[in-house]
Amino acid sequence: MTTEPIPQLPPHNLGLFRLDGFSGYRQELLTLHEWLTSSHIMPTIAISGEQGYGKSTLATAAAWNHLRHFTDGIIRVSAAGATPFRLYDIVRTMDAIFGTELTRASEERWGIRILEQLYRRKRLLIVDKLAGATTEESIMLVNIIGHLNETGGSSRILLIDRNFSPFIAELVRHQHIHLTGLAAIDLPQFIRKRAPARVQEDALAHVDEIHALTAGSPLSLRLVMGLLLDFPWAELQGLLQQICDERGLVRAHNLAAFAVENFAIFNPQVGPLLERLVSAAGGASLTALRELFWADLGTPTELDQTLAALAGRGLLELDPFHQRVLMHPVIRAYLEQSSLMLGEEWERIHAHYYANLAQQYLSFPLERWSEVDVEWGNIYRGADWCYQRVRRLWRQEPLDLLKERQFSEAILTLPETTEPSYATLGQDHVIEEDLRLTRDYGLALAHYAFWRHPPGIAEWLAMGAVAALALADMRDYAWFQMNMGRQLFFAGAVVEAIVWLERAQIIFDQRDLLMELAYVLTDLGTSYRVLNEARKALTYFNAAFDCEAQLGDQQGLATAYMNLGSAYYSLNNFDRALAQQQKALRVALRRHDERMVASVFNNMGLAMEAMERLPEAQRGYEQALELFLRLDDTTGISTCYNNLGSASYARNDYDRALMWYEFDLQLSERRGAWTDMAATLHNLGHVALEQRELARALAYFTQSRDLYSAFQLQEYMQEEEQMIKFIEQMQ
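This is a predicted model, so every value here is computed, not measured. Residue numbers run consecutively from 1 along every chain, following the written order of its sequence. It should be noted that, the model being predicted, local features are given only for residues of pLDDT at least 70 and side-chain atom pairs only at 80 or more, the latter also being counted only at that level, while totals for whole chains, interfaces and linings use all residues. Side-chain metrics rest on all non-hydrogen atoms present in the structure, leaving aside hydrogens and water.

Trainee: Looking at this model, I keep getting lost on the overall build of the protein chain. Mind explaining?
Mentor: By definition, any uninterrupted DSSP run of H or I lasting at least four residues is a helix, any uninterrupted run of E lasting at least two residues is a strand, and each is numbered from the N terminus. In terms of helices and strands, the protein chain carries 36 helices and eight strands. All radius of gyration figures rest on C-alpha atoms, and the globule criterion is 2.2 Å times the number of residues raised to 0.38. A compact globule built from 731 residues should have a C-alpha radius of gyration of about 27 Å, and the protein chain, at 30 Å, falls within 12% of that. The buried share of the protein chain, taken over its 731 residues, is 54%. Note on contacts: a residue pair qualifies if any of its non-hydrogen atoms lie within 4.5 Å across the two residues. In the protein chain, 69% of the contacts between residues at least 6 apart in sequence involve partners at least 24 apart. Residue burial considers only the protein chains on display, and all accessible areas are found by Shrake-Rupley using a 1.4 Å probe. With an accessible surface of roughly 32,700 Å², the protein chain has 51% of that area assigned to carbon and sulfur atoms. If you average the places of the 66 positive and of the 92 negative side-chain charges in the protein chain, the two averages end up 2 Å apart. Using a 1.4 Å probe on the protein chains alone, a residue whose accessible area is under 20% of its type maximum counts as buried, one over 50% counts as exposed, and one in between counts as partly exposed. In this tally Asp and Glu are treated as negative and Lys and Arg as positive; neither His nor the chain ends contributes. Where a charge lies is defined by one atom per residue type: Lys uses NZ, Arg uses CZ, Asp uses CG and Glu uses CD.

Written out as C-alpha cells, the structure reads:
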C-alpha cells in the first residue's frame, strides 16, 4: 500500500491568530474571490475602512482561502519599527520568504526587481498600511502596479489602508472594498466565537443595542464584550452613551481608552506592561515578554493570567503558533501618550535587549537570518534610539560630525551635559555605557547592511563611528568608515566611497591591522576598477596581496590572486591575468572550496577567450558549470551558459551557441529573471541571424522587445526595435 505524499504549501508568511473566531464579511469574501481568481480582472485590489473594522483580518482570511491558488506564494508586508511604510519592507520580506536577493540590488532597481517577482507568476502581495510612504516610493509602487496592470498575468496586489491616494484609487478603480463593520445579522455568531463564555448570554440578549453603539466594528465589539465582564449591560450602556459621537456611535479609540483604564485600575501591573509593549515594534516574543516587558512586574504564573485576561478583553492579540503577542494599532495609539512617561531609561533597556538579538546577525549564517528577521522591527527601534542618543549628546547629526573631521583622528571628548536622573549612577558611566551599546549595535548592523542594504544605514554607521571614536576605539572607528565606503559603492557613489575607504586605510595602516587593511585595499582596488582606472586598481590589489601574504590566510590569498587576475584582464594583459587565476586555482583546490574553484575556472575561461584560445576557454567554462550545477548556484550556472554561448558563437559553432543560450533561457524562466531572459533572447536572435533563420530571429527579438517593454526599459526596447526593422528589411 502506497501513501500519497502531502503536497507542499506555497511559501507564505500569513499568520493564523487574526482568524481566531473570524465571522461575517461573507459578501466581501466572495467579491475578493472573484477579483483574486478571475483572469479578466485588474491585478490590484484595495481594502479601506476605519481602524478596528477588520481590514487586515479580511485580507488574511481571503489569502488563506486562496493559498493553493497562488502557487508561487503569498506575502504580507507591513512597516517595521517605528517608521512608516518603506518600499524596502517589500524587498526585505521577499528575501525572507522567497529566498530572493532583492536587497542586494540598488534602490533604483527595486521597482523592477519587485515587478519581476510578480510578472508571469501566481503570487499575492499584501501591503498593509501604505500611509507614510515617501512621494518617490509611492510613485515607484504606482509604476509597479501600472506595469502589472498592462502585462496582466495571475499575480495580485492587495493594498490595505484607511484611505488611498488618487493615484491608487485610479489604479484599482471599482476593485475597492470599503468596510463599515459587521452586519447586525452576523453579531450572534461573532459573540458565540469571540465573547468570554460568562457574558455571551447577556451580549446575545442585547445584540441590536450593541450593534447600534459599535456599528459592527470587530475591535469595538471585542472591547465591549470585555467590559461586560465588569459591568452589567444596563450600566455599561449608560457609560458608553456618555462617550458617543454625534451619530450615537462609540469610536474604537474611545472604547480602547475606557477598556484600558477600567482594567488597569484593578490590575496595577497591567498599565506598565501595556505601556512598555507600545515599544514592541512588530510584536514581542513570549520570551521577550517574560525577560523584558514583564521582568519586574510579577511571577510567570501572574503573567500567564494577565495575558489571558488581556486577550479575552481584546486588549492584546496572542499568536500561539509564532509564540508572540501583538497590540492593535488603536490600543497602541491610545497608550503612546502615557508610554512617553517611561522615559529614556526604558528605551535604553529595550535597546540593550534587542542589541543582543542583533548580534545574531554576526554569529548566524545567512541561511538562518530569517530567525532574527522576525524581530527586525524591534532591532530597528533600538538602533534608532541609539542614533537619537548620539545626536542629542553632540547636538549634531553624527554624519555631519564625521564629515567635518575628515582625516582627524583626535579622540572625541565626552560631551559636557547635565543629566540629573543619572546622578546616582554617575553621569559619565551612563554615557559611556550608551556609547558602548551604540558601537555594538552599529557593528551588528554594519554586517547586516553588507548583505541587506537597509535605507538609513549611513546614519547607523555614523552613530557607530562617533561612539567608537569617543571610546578611543580606533579599529572600529575605521571599520565603520570602511563600511560607509562600501554602502556608497553599492549605491553607485564610487568617488565618494573612495574618500571614506581612504580614511579607513590610513588608520588600519598606521596600526598595522593587516587583515582589515587587506579588506579596505581590496575595496579601493575594486572601486578604481569600476571607475576604469585599471592601473590604480592594480596598485591597490598588489598592496592587498602583500597583506594577505603576511597573514598567511589561504582564502584571502586566493581572493587576492583572483583580484590581481581581474586587474590584469582590465589592462588587456591576458597572459598575466591567466597566471594569477591559475595561482588562485591552486589555493582554492587545496582548500576544497568548490565555489571559489568554479569562479576561478570561469575567470580563466574569460582570459583564454580574450586570447582567442577558444577551445581551452570552453573547457574552463564547462568545468565551472559542472561545479555550479553541483552547488545549485543558479547565478553561476547562468553566467556559464552565457559564456559558453559566447565562446561557441565566436567559434562559429552556432548550433552549440543555440543550445547554451536555450539552456539559459529555460533557467531564466524558472528563476523569473525576466530582464536576464530578454538579454538571452537578444543573443539567440543574433545566433538565428547567423544561421539565416530570419523568422526565428524576428521571433526572438520581438520576445525580447516585449519583455523590455513590460519593465519599461526604453533604451533596450529601442535596440530590439532596430533589429526587428533590420530583419523586416531583409525579408
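Trainee: Help me understand helix H28 (residues 554-570), please; the structure alone is not making it clear to me.
Mentor: At 3.6 residues per turn, the α-helix brings residues three or four places apart onto the same side. Over its 17 residues, H28 runs 25 Å from end to end, which matches the ideal 24 Å to within 8%, given 1.5 Å per residue. When H28 is considered as a whole, its buried residues turn out to be Gly556, Leu557, Ala558, Ala560, Tyr561, Met562, Asn563, Leu564, Gly565, Ala567 and Tyr568. Here the buried face of H28 lies against helix H26 (514-530), helix H27 (534-551), helix H29 (574-590) and helix H30 (594-610). In the segment just after H28, asparagine 572 is the residue with positive phi, at about 65°. Multiplying 1.5 Å by the residue count of a helix minus one yields the expected span of that helix.

Trainee: Please clarify how the sheet that holds strand E8 (residues 324-326) should be interpreted in this entry.
Mentor: Within a sheet, each strand pairs with its neighbour through backbone hydrogen bonds, oriented either parallel or antiparallel. Any two strands with at least two DSSP bridges between them are considered paired. Spatially, E6-E8-E7 is the arrangement adopted by the three strands of the open sheet, whose pairing is antiparallel. Of all strands in the sheet, those with a lone pairing partner are strand E6 (284-285) and strand E7 (317-319), marking the two edges. Sheet analysis places E7 next to E8, joined by three bridges and oriented antiparallel. Along E8, the bridge assignment pairs aspartate 319 with arginine 324.

Trainee: Help me understand unusual backbone geometry in this model?
Mentor: At arginine 120, a residue that is not glycine, the phi angle is positive and equals roughly 55°. Within the element layout of this structure, arginine 120 appears in the loop between helix H4 (110-118) and strand E3 (124-128). Within the chain, glutamine 712 stands out as a residue other than glycine whose phi angle is a positive 55°. Relative to the assigned elements, glutamine 712 resides in the loop between helix H35 (694-710) and helix H36 (714-730). With relative accessibility at 33%, the residue glutamine 712 sits in the partly exposed group.

Trainee: In this structure, what is going on with the pattern of salt bridges? I would like to understand it.
Mentor: Where charged atoms of side chains with opposite charge meet at close range, the side chains can pair. What counts as a salt bridge is simple: a side-chain nitrogen of Lys or Arg found within 4 Å of a carboxyl oxygen of Asp or Glu. Counting across every chain of the model gives 40 salt bridges. We note a salt bridge from arginine 276 to aspartate 296, for which the minimum N-O separation is 2.8 Å. With arginine 276 in helix H13 (residues 270-277) and aspartate 296 in the loop between helix H14 (286-293) and helix H15 (300-312), this residue pair connects regions lying 20 residues apart in the sequence. Of the charged contacts, one joins glutamate 433 and arginine 436 as a salt bridge, the two residues approaching to 4.0 Å between their closest N and O atoms.

Trainee: Help me out: how do you make sense of a positive patch on the surface in this one?
Mentor: The grouping of Arg576, Lys583, Arg586 and Arg590 at the surface amounts to a positive patch. Looking at the element boundaries, arginine 586 is found in helix H29. Taking relative accessible area as the criterion, arginine 586 reaches 48% and is therefore assigned partly exposed. Patch definition: residues above 30% relative accessible area lacking any salt bridge, with like charges linked at up to 9 Å and the nonpolar side chains Val, Leu, Ile, Met, Phe, Trp and Tyr linked at up to 5 Å.

Trainee: What should I look at first to understand the sheet that holds strand E5 (residues 176-179) in this one?
Mentor: As summarised here, the arrangement of the five strands in space is E2-E3-E4-E1-E5, forming an open sheet in which the pairing is parallel. Strands with a single pairing partner mark the edges of an open sheet, and in this sheet they are strand E2 (74-78) and E5. Pairwise comparison of adjacent strand axes, ignoring direction, gives a mean angle of 15° for this sheet. Relative to E5, strand E1 (residues 44-49) is paired through four bridges, and the arrangement is parallel. Looking at the pairing, alanine 46 lines up with histidine 176 of E5. Working convention: axes come from line fits to C-alpha atoms, limited for helices to the stretch in contact. Angles between N-to-C directions cover 0 to 180 degrees.

Trainee: Where do I start with the nonpolar core in this structure?
Mentor: Taken as a class, soluble globular proteins show a tendency for nonpolar side chains to be buried jointly. Throughout, nonpolar core names a set of buried Ala, Val, Leu, Ile, Met, Phe, Trp, Tyr and Cys residues whose side chains join them through atoms within 4.5 Å. Among the nonpolar cores identified, the biggest contains 250 residues, and Leu32, Ile90, Leu277, Phe293 and Tyr441 are the most heavily contacted of them. At 11 residues, the largest contribution of residues to this core is made by helix H23 (residues 457-470). When sequence neighbours within four positions are dropped, the list of residues in contact with tyrosine 441 reads Ala351, Tyr354, Ala355, Ala358, Gln359, Asn378, Ile379, Gly382, Ala383, Cys386 and Met463.

Trainee: Can you help me understand a nonpolar patch on the surface in this one?
Mentor: Side chains of Met515, Tyr519 and Leu551 sit close together on the surface and give an oily, nonpolar patch of about 260 Å² of accessible area. By the secondary structure assignment, methionine 515 is in helix H26. Assessed through its relative accessible area of 40%, methionine 515 is described here as partly exposed.

Trainee: Would you mind going over the pairing of E1 with me for this structure?
Mentor: Two faces, one strand: in a regular strand the side chains alternate between the faces of the sheet. Burial of E1 is extensive: six of the six residues sit out of reach of the surface. Here E1 shows two buried faces, one formed by Thr44, Ala46 and Ser48 and the other by Ile45, Ile47 and Gly49. Pairing analysis gives four bridges linking E1 to strand E4 (residues 156-160), with the strands arranged parallel. Looking at the pairing, isoleucine 47 lines up with isoleucine 160 of E4.

Trainee: Can you help me understand the environment of arginine 590 in this one?
Mentor: Within the secondary structure, arginine 590 is located in helix H29. Spatially, the C-alpha atoms of arginine 590 and glutamine 554 are 9.0 Å apart, while their sequence positions differ by 36 residues. In protein, a polar contact means a hydrogen-donor-capable atom and an acceptor-capable atom, both N or O and within 3.5 Å, with residues adjacent in sequence counting only if both atoms are side-chain atoms; elsewhere, any N or O pair within 3.5 Å suffices. A polar contact of 3.2 Å, which involves the side chain of arginine 590, links it to the side chain of glutamine 554.

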